[in-house]
Amino acid sequence: GIQVEQSPPDLILQEGANSTLRCNFSDSVNNLQWFHQNPWGQLINLFYIPSGTKQNGRLSATTVATERYSLLYISSSQTTDSGVYFCAIRENAGNMLTFGGGTRLMVKP
Amino acid sequence: KAGVTQTPRYLIKTRGQQVTLSCSPISGHRSVSWYQQTPGQGLQFLFEYFSETQRNKGNFPGRFSGRQFSNSRSEMNVSTLELGDSALYLCASSWTGTGDEQFFGPGTRLTVL
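Residues numbered from 1 in each chain as written. Chains lettered and ligands numbered in written order. Predicted model: local features only at pLDDT ≥ 70, side-chain atom pairs only at ≥ 80, totals over all residues. Heavy atoms only, no water.

A.B. asks: Just checking my understanding: could you explain the overall build of chain A for this structure?
C.D. replies: Per the secondary structure count, chain A includes zero helices and 11 strands. When the helices and strands of chain A are listed from N to C terminus, the series reads β-β-β-β-β-β-β-β-β-β-β. Against the compact-globule benchmark of 13 Å for 109 residues, chain A has a radius of gyration of 13 Å, which places it among compact chains. In terms of overall dimensions, chain A has C-alpha extents of about 45 × 25 × 20 Å along its principal axes. Taken across its 109 residues, chain A has 48% of its residues classed as buried. By sequence separation, contacts in chain A at least 24 residues apart represent 55% of the contacts at least 6 residues apart. (Helix = DSSP H or I, 4+ residues; strand = E, 2+ residues; numbered from the N terminus. Rg over C-alpha atoms; globule rule 2.2 N^0.38 Å. Buried < 20%, exposed > 50% of the residue type's maximum accessible area, 1.4 Å probe, protein only. Contact = heavy atoms within 4.5 Å.)

A.B. asks: Just to check I follow, could you spell out the sheet that holds strand S1 (residues 4-7) of chain A for this structure?
C.D. replies: The strands that make up a sheet pair up through hydrogen bonds in the backbone, lying either parallel or antiparallel. Residue and element names in this part refer to chain A. Pairing is antiparallel in the open sheet, where five strands are placed in the order S1-S3-S8-S7-S6. Only two strands of the sheet have a single neighbouring strand rather than two, namely S1 and strand S6 (52-56). Taking each pair of neighbouring strands and ignoring which way they run, the sheet shows an average axis angle of 15 degrees. For strand S7 (residues 59-64) and strand S8 (residues 69-74), the ladder comprises six bridges, and the chain directions are antiparallel. (Pairing = 2+ DSSP bridges. Axes fitted to C-alpha atoms, helices over the stretch in contact; angles between N-to-C directions.)

A.B. asks: Explanation requested: the pattern of salt bridges in the structure shown.
C.D. replies: In a structure, side chains of opposite charge can pair up when their charged atoms sit close to one another. Residues and elements named next belong to chain B. The full count for this structure, using the stated rule, is six salt bridges over all chains. Among the salt bridges present, the one from Arg67 reaches Glu75, with a minimum N-O distance of 3.2 Å. By relative accessible area, Arg67 is classed as partly exposed at 47%. Two residues, Arg73 and Glu75, come together in a salt bridge whose shortest N-O distance is 3.3 Å. Overall, Glu75 belongs to the buried group, its relative accessible area being 16%. (Salt bridge = Lys/Arg side-chain N within 4 Å of Asp/Glu carboxyl O.)

This is the structure:
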């Protein structure tokens, strides 16, 4: 099956700093999503981005499908951005999402 | 529009018991998928249902089963619980399940003693 790797595994930032989270995948995909897992465990949708670039407020994402990676940018980070960020890939067959190991982000005030 | 709902939110069981978890998808969504999250294995796909039929299945033992009703609500059942079944169980819904965006519920946290 497809392999999904996220980096870095852990990230500590000072409030106001910018960051880039990376997701590498091993095969072609037709669905890529970024999620933020809140402290209670719920996965919050950030982006549905199989290719191209999208922006939503302080967050933006870029997926380069031909080079098999996606980037999540967080600008002017806030303490509420803390949590775990996951990228998830759907392969061409089936509807299963394969998740990366996540990036645990801590934003300090 | 209401999001995906899951009940119960927390559950404590003992080894050998069985448990049933419930998931109500977003109105109009017909695909429901289930995932297990543990610290050691991360997020893993259990199975997916569409129009009351299991369409995909992950690599889990037969103790894990599910079903979907005509209103798209889904249940998953775990029989003969083991300590290793302690996990956060998440369900996700999407329109058709053919690559469209999936939305997750708040999860059910199961503890097996």
